[in-house]
Amino acid sequence: MKAALENYHARMQRVLDHIEQHLDDDLGLDVLSGVAAFSKYHFHRQFMSTFGLSVHRYVQLARMKRASYRLAYTDAQSVTDIAMDAGYDAPDAFARAFRQRFGQSPSSFRKSPDWELWLAAFGPFDNARSKRMQKNFTTNDVTIRDVAPTRIAFMEHRGDPAMIGATIKRFIAWRKAAGLHPRTHPTFTVWHSERHPASPADYSMDLCVGIDQPVEVKGEQVKAGEIPGGRCAVLRIVGNTDNLEPAALYLYRDWLPASGEEARDFPMYCQRLSLFPQVPEHEAAADLFLPLK
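Here's what I pulled together on the structure shown here. Please read these numbers as outputs of a predicted model, since none were measured by experiment. For every chain, the first residue of its written sequence is number 1, and the numbers climb from 1 along that sequence. Where totals are concerned, whole chains, interfaces and linings use all residues; where local detail is concerned, this predicted model gives features only for residues with pLDDT of at least 70, and gives and counts side-chain atom pairs only at 80 or more. By convention in this description, side-chain values take in all heavy atoms of the structure and omit both hydrogens and water.

On to the overall build of the protein. Helix and strand assignments follow DSSP, with helices taken as H or I runs no shorter than four residues and strands as E runs no shorter than two, numbered in order from the N terminus. When helices and strands are counted, the protein shows 11 helices and eight strands. Radius of gyration (C-alpha) of the protein: 20 Å, near the 19 Å computed for a compact globule of 293 residues. By its C-alpha atoms, the protein is 60 × 50 × 35 Å across when sized along the principal axes. In the protein, which comprises 293 residues, the proportion classed as buried is 42%. Residues count as neighbours in contact if any of their non-hydrogen atoms are within 4.5 Å of one another. The long-range share in the protein, meaning contacts at least 24 apart out of those at least 6 apart in sequence, stands at 70%. All accessible areas in this document rest on Shrake-Rupley with a 1.4 Å probe, and a residue is counted as covered only by the protein chains that are shown. Surface accessibility of the protein: about 15300 Å² in total, with carbon and sulfur atoms responsible for 52%. Computed over 36 positive and 35 negative side-chain charges, the inter-centroid distance for the protein is 3 Å. Only the C-alpha atoms count toward the radius of gyration. The rule for a globule is 2.2 Å times the residue count to the power 0.38. Three labels apply to residues, based on accessible area from a 1.4 Å probe with only protein chains included: buried if under 20% of the type maximum, exposed if over 50%, partly exposed otherwise in between. Under this rule, positive means Lys or Arg and negative means Asp or Glu; His and the chain ends count for nothing. For the purpose of locating charges, the reference atoms are NZ of Lys, CZ of Arg, CG of Asp and CD of Glu.

Following this line, the structure appears as structure tokens:
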């Protein structure tokens, strides 16, 4: 019974992986039922019962997520090009669907996103993704590195995590103006609080960029600092790096007690190796660092 259930979940996992890896391709019922090796006459009900969303809505939300990230965080594509990539034949159709889902036009969202409405719209999508089988980490996935100290410029986010998107947008704009491209200057996130503290007002994290010389930090509440060097347990995550909590839990709950190591007095942090939407979401990667004594 357990083996059959695991096989069933693995087939559904293949479907979600295929959607993430082929957002620009045909993702109709015939194709996705074939990926899962289920009958197309039953697959849509199986998908709905497993994830709480229809296949069509899940695909639509996956494409709309990429579109909204491109609107908010990049300026290389026009709204028309983003609409085409999202599967719409005309910008007007995309604009209507976008406004219906997010309460803003694409152009308005690009200028000033309403992140609370955005989070609410993607609630069903995130719930569906959380139901899929999580990666099971093992001790072989963890390496111990001696990390050199890294000088950083950083922007603080303090308060409601629902507003992180606005801080990210300001941070990206500042680092672009400062000429600190991700290809040449690494990107870090340092967490000073739990992912979901008792009060949203207590949420605290820093968005950081590695620097090799002093940079202008005034005007956007950017500060200079350092990620200290030392021994770290490092766990690499590839794919959806929006939520690194499962990987953090593995390090704290499983790896650390069994390793005999002790955590050092510096917060857990990650280095963003490749970022969505600059790369497809299944290619996004991050290294999670747990500082050790």
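Moving on, there is more to tell.
Here, nonpolar core refers to any group of buried Ala, Val, Leu, Ile, Met, Phe, Trp, Tyr and Cys residues whose side-chain atoms link them within 4.5 Å. If you look at the biggest cluster of nonpolar residues, it comprises 40 residues, and the most contacted ones within it are Ile19, Leu32, Phe43, Phe47, Tyr58, Met64 and Phe94. Elements supplying a minimum of two residues to this core: α1 (2–21), α2 (29–36), α3 (40–51), α4 (55–73), α5 (79–85), α6 (91–102), α8 (115–121) and α9 (123–130). Per-element tally for this core: the top contributor is α4, with 11 residues. Excluding anything up to four places from it in sequence, Phe43 contacts Met12, Val15, Leu29, Leu32, Ser33, Ala36, Phe38 and Val55. Core analysis: the next-biggest nonpolar cluster, separate from the first, contains 18 residues, Leu235, Ala247, Met268 and Ala286 among them.

Before going further, it helps to examine the packing of α4 against α9. Relative orientation and spacing of two packed helices are given, respectively, by the angle between their axes and the distance between those axes. For helices, the axis comes from a line fit to the C-alpha atoms of the stretch in contact; other axes are also lines fit to C-alpha atoms, and the angle between any two N-to-C directions lies between 0 and 180 degrees. Remark: α4 packs on α9, axes separated minimally by 10 Å, with the N-to-C direction vectors making an angle of 110°. Regarding the angle of α4 to α9, the classification is roughly perpendicular. On α9, the residues touching Arg57, Tyr58, Leu61, Ala62 and Lys65 of α4 are Pro124, Phe125, Ala128 and Arg129. Side-chain classes follow a simple rule in which Ala, Val, Leu, Ile, Met, Phe, Trp, Tyr, Cys and Pro form the nonpolar group, Asp, Glu, Lys and Arg form the charged group, and the remainder, Gly included, forms the polar group. Across the contact of α4 with α9, the residue classes break down as six nonpolar, no polar and three charged. Roughly parallel here means an angle under 35 degrees, roughly antiparallel means over 145, roughly perpendicular means 65 to 115, and every remaining angle is called oblique.

Another point: α3. Since the α-helix advances by 3.6 residues per turn, residues separated by three or four positions end up pointing in the same direction. Multiplying one less than the number of residues by 1.5 Å gives the expected span of a helix. Across its 12 residues, α3 extends 17 Å between first and last C-alpha, which sits within 8% of the 16 Å expected from 1.5 Å per residue. Residues of α3 that are buried include every one of Phe43, Gln46, Phe47 and Phe51, and no others. For α3, the buried positions fall inside an angular range of 100° around the axis, keeping them on one side. Residues of α3 that are exposed and angled more than 90 degrees away from the buried face: Tyr41, Arg45 and Ser49. Where α3 is buried, its residues touch α1, α2, α4 and α9. The arc in question is formed by the directions pointing from the helix axis toward the C-beta atoms.

The subject of this paragraph is the packing of α1 against α3. Taken N-terminus to C-terminus, the directions of α1 and α3 make an angle of 95°; their axes are 12 Å apart at the nearest point. Between α1 and α3, the crossing angle belongs to the class labelled roughly perpendicular. Contact residues: α1 offers Tyr8, Met12, Val15 and Leu16, while α3 offers Phe43, Gln46, Phe47, Thr50 and Phe51. Its residues assigned to classes, the contact of α1 with α3 shows seven nonpolar, two polar and no charged.

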